[in-house]
Amino acid sequence: MVDIYSPTPTDGYTTATSTLQTATENLIKTHIPPAGTSQVELQKRYHFEFLLRNLRQGFPERYVSQDASQPWLIYWTLHGFSLLGAGLDDLTKKRTIDTLLALQHPDGGFSGGPGQAAHLLPTYASVCAFAIVGRPGEGGGWDSIDRKKMYDFFMSLKQPDGSFLVSHHGEVDVRGIYCLLAVATLLNLLTPELLAGVPDFLTTCQTYEGGFGNASFPGWAFSTGTAAYDPTAPRPPLGEAHGGYTFCATASWVLLQSYIDLYYASRDQNSASLPKRPTINTRALLRWCTQMQGLPIELGGFRGRTNKLVDGCYSWWVGGCVVLAETLLGVGAHHESPTEETSGEGEEHKGWDDADDALFNRQALQEYILCAGQHSAGGLRDKPPKPADAYHTLYCTAGLSAAQHRVLPSEARRSALISAWDAEEARAKDGTGSAAASDADRERRDALRAQTCAHVLSWSEEDGTAVYVGGAANRVNATHPLLNLTVTHSDGLMAYFYGQTLPSRYPAGARTKR
Amino acid sequence: MSDLLADDPEWADVVPIAQYENVNPIAPIFYSVEYKDATDYFRGVVKTGEMSSRVLKLTEKIIRMNPAHYTAWQHRYKTLIALKLDLEEELRLMDDIALQFMKTYQVWHHRRLLLTALNSVDVAVLELDFLRDVLAEDAKNYHTWSYRQWLLAHFNSEARLWARERAYAEELLAADVRNNSAWHHRFFVVFSSGVRLGDEDREQVLRRELAYAKEKIALAPNNPSAWNYLRGVLEFTKTPFGALKSFVEPYTADKPPSRGEEVVDLDNPLPTPDAELPCVAALEFLADIYEKQGGDAIEKAVEIWKTLGNERDVIRKKYWEYRIRDATPNS
């Protein structure tokens, strides 16, 4: 019988990789609780105090390395609070809003610090922070976001191959694309011009392993000096499959599904006017994500690349990506009442059984975070014996959330949103200043807005599916798998910027079965 | 003796700008005096748009304290171009910064901008050599590999740049067969980036790459990098997994074949005597073969997936159960 805690086999052939792996396993396994994990505690108070110290007293000098990521420090801290269930007082919110507004660049977008250049990553962090602390109206911050300039900033970064630079003179990187798409979705800045070529670009970033690398090389297909795009020229991925990039590419891909439905030929269509539908290999993606989960001796934490070490932050980037892959494969969705249309897989009458559960090991991931990820002095970390930091505190907590809660798209909610959708209001609140060229064009743009929003806002936790290692006291709040904000925050921001009154998430009597 | 610009008469004409004016920022960082001073003056020269040699020195000072300061890098690049400075000299100056801060994006992106501006294959050749030194320190550095791949594709010189890359990947895999970055690089060079000079016979290339992957699997079977490469090659060339059934089967046994029974088959290298079998990736591969065969073979795939989920790869039990459901939709 195989010992569940067997080390990674080395086949009598050690290399630098296996030596490091063995040493790490020997360390992590000392954190396996001998009495089992039923009593292990999430030290919420210590983590809350860790975050609060940073917020109130500020960050120690070694955080100078994050001086160009100030809104990230704010978002990691504030979203960490949100997940741990802590609110903020009005004074702190006001100070945060003022700080964030000082990061807005005069030419649009947000920067890593006042006086720094605008950049897509701090733009995402800032907008997410606004979702948490801001509100409409005077002093609320939301109305001070210059969306038109932000859109123009986005367009100024657009490349011929569909991708975007992260900043002027900056690199192309799928993280930037994710940040841009998330913000454009949150702030009602979605246009066909913005999204043109993005799906095709993303497909070129998938590697032979099934995950995604950071970018691809466009040069042969988009030669400068010639007008034509050569579809036969290779656009090789740059960089191996990696957890952070895989999350960003996959979340981007999910966000783009409505755009793809509207602006590309459908699967069985042979169209002269619509471009061929781009595809990714979703089965290979799912395989790669699940392959990244470590062995029991590594407490089931996730690694970010093949043959590298597990790290707490990949609890979110890869652990949190599995559900996205499931939805793309049509196996992750709410179990609605039989009268609702499902994906046509005949799932209507399935009871609650193992078939409805996540495709990664939720229990083990929680064990990794709780037993190895927590630092005894507060905060969470990569792995023992490393110190805690703000980044790992957020992503370990978000990963814990993703393992505790099954947050999935709900067809019932999506339909309700579509039924209640006010297209004219949404169009009136569009922040890009673009105009439609014709009635048909306007209709498609309206549909792009409505369908993207309805999909994003339809994600919700499925009743009765939560799992809490160590007991319900360890519960952290659910987070949106695409945006990494609570649904309260993403609902609030999007309702405002799309001019919609969202139907209640909890209509009386309409609970799904337990 | 103060290092601060505030005490330097050369900088007396510049108005330093504090980071936050009229704002009590949340979660401030506790900068060192030097860093605050340098960035206050940097904000000052960004505002006036100054691009001069003293500004160049200031950006270097900031970068050495915080290599992730992308605006300082941006301004440095613009200044180098505006002053028409020697970009090769800049590359050499940046070498020790690259080695010191190799995990920072901006260090590599800056070099990419310089290489693009210099537009010289000679410089690219030297750069590939420099990258070897960096990878010798950290054989899996993500940005370094991504940058190397960009360099090869951008300059695209078969004779001077691409020619030695497969050998380089092999060198690294000889040192550590589990280096996934090196495997990825091999795939990039041989398959993702068009056809290399000398690789025009694609059948021969396929045989060579399969032989290479099999040889490495035989050496250390429990190596997901090698199996992923093998699978990648088969999928890319649309070669059925079934073609490798004879190779894979010995790896699904409970132990390696005993020495006396060895029949040397160059096409199907056997597991090393020290191999720890059965190898999970081999079991998975065999199940994939059965699944693709369909019909009665599906049952055999299901058996393997059950073994994986219950015994051999329990952490992925949910995934293996999904594979069973997916392959047997009517049960």
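From a predicted model like this one, the values you see are computed outputs, not experimental measurements.

1. A look at unusual backbone geometry
- For the peptide bond that leads from P384(A) to P385(A), omega is 0 degrees, which places it in the cis range.
- As for its placement among the helices and strands, P385(A) is situated in the loop between α15 (362-373) and α16 (390-404).
- Look at the link from L277(B) to P278(B): it is a cis peptide, with omega at -5 degrees.
- Tracing the backbone through its elements, the reader meets P278(B) in the loop between α12 (245-248) and α13 (280-293).
- Positive phi values are uncommon outside glycine, yet N188(A) reaches one of about 65 degrees.
- Relative to the assigned elements, N188(A) resides in the loop between α7 (174-186) and α8 (192-195).
- Phi is positive for A27(B), which is not a glycine, with a value near 50 degrees.
- Tracing the backbone shows A27(B) in the segment before α1 (33-48).

2. Digging into the packing of helix α3 (residues 70-84) of chain A against α16(A)
Residue and element names in this part refer to chain A.
- Running from N to C, α3 and α16 point in directions that differ by 35 degrees, and their axes come no closer than 9 Å. The handedness of the crossing between α3 and α16 is left-handed. Contacts between α3 and α16 pair W72, Y75, W76, H79, G80, L83 and L84 from the former with A390, Y391, L394, Y395, T397, A398 and S401 from the latter.
- Looking at the contact of α3 with α16, its residues break down into 10 nonpolar, four polar and no charged.

3. Overview of the packing of helix α5 (residues 105-118) of chain B against helix α6 (residues 121-137) of chain B
Residue and element names in this part refer to chain B.
- Where α5 meets α6, the axes come as close as 11 Å, and the angle between the chain directions of the two elements is 160 degrees. One finds that α5 runs roughly antiparallel with respect to α6. The crossing of α5 and α6 is right-handed. In this structure, α5 uses W108, R111, L115 and L118 to contact α6, whose residues at the interface are V123, A124, E127, F130, L131 and V134.
- The residue inventory of the contact of α5 with α6, partitioned by class, reads eight nonpolar, no polar and two charged.

4. Quick look at the confidence of the model for chain B
- The predicted model of chain B has a mean per-residue pLDDT of 96, with 98% of residues at 70 or higher.
- The complex model carries a pTM of 0.96, and its ipTM stands at 0.97.

5. Points about the nonpolar core
- If you look at the biggest cluster of nonpolar residues, it comprises 204 residues, and the most contacted ones within it are Y75(A), L187(A), W227(B) and L230(B).
- A total of 11 residues in this core trace back to one element, the largest contributor, which is helix α5 (residues 120-133) of chain A.
- Discounting chain neighbours no more than four positions away, the residues touching L187(A) are V127(A), I145(A), R147(A), M150(A), L493(A) and F497(A).
- Grouped together as the second largest cluster of nonpolar side chains are 53 residues, W220(A), M94(B), L114(B) and V123(B) included.

6. As for the packing of aromatic side chains
- The final tally for this structure, using the stated rule, is 47 aromatic pairs over all chains.
- Ring centres 5.1 Å apart and planes at 55 degrees place the aromatic pair F48(A) and F81(A) in the tilted group. You can see F48(A) sitting in helix α2 (residues 44-57) and its partner F81(A) sitting in helix α3, a full 33 residues away along the chain.
- Look at F48(A) and you get partly exposed, because its relative accessible area is 26%.
- Their ring planes at 75 degrees and their centres at 5.4 Å tell us that W76(A) and Y391(A) sit as a pair that is edge-to-face. Here the residue W76(A) occupies a position in helix α3, and Y391(A) occupies one in helix α16, the gap between them amounting to 315 residues.
- With relative accessibility at 24%, the residue Y391(A) sits in the partly exposed group.
- A cation sits over an aromatic face here: R186(B) above Y212(B), 3.7 Å from the ring centre.

What counts, and where the lines are drawn
- Residues numbered from 1 in each chain as written.
- Chains lettered and ligands numbered in written order.
- Predicted model: local features only at pLDDT ≥ 70, side-chain atom pairs only at ≥ 80, totals over all residues.
- Heavy atoms only, no water.
- Helix = DSSP H or I, 4+ residues; strand = E, 2+ residues; numbered from the N terminus.
- Axes fitted to C-alpha atoms, helices over the stretch in contact; angles between N-to-C directions.
- Left-handed = near helix turned anticlockwise from the far one by under 90°.
- Contact = heavy atoms within 4.5 Å.
- Nonpolar A, V, L, I, M, F, W, Y, C, P; charged D, E, K, R; others polar.
- Parallel < 35°, antiparallel > 145°, perpendicular 65-115°, else oblique.
- pLDDT = per-residue confidence, 0-100.
- Core = buried A, V, L, I, M, F, W, Y, C linked by side-chain atoms within 4.5 Å.
- Buried < 20%, exposed > 50% of the residue type's maximum accessible area, 1.4 Å probe, protein only.
- Phe/Tyr/Trp six-rings, centres within 6.5 Å; stacked < 30°, edge-to-face > 60°.
- Lys NZ or Arg CZ within 6 Å of the ring centre and 35° of its normal.

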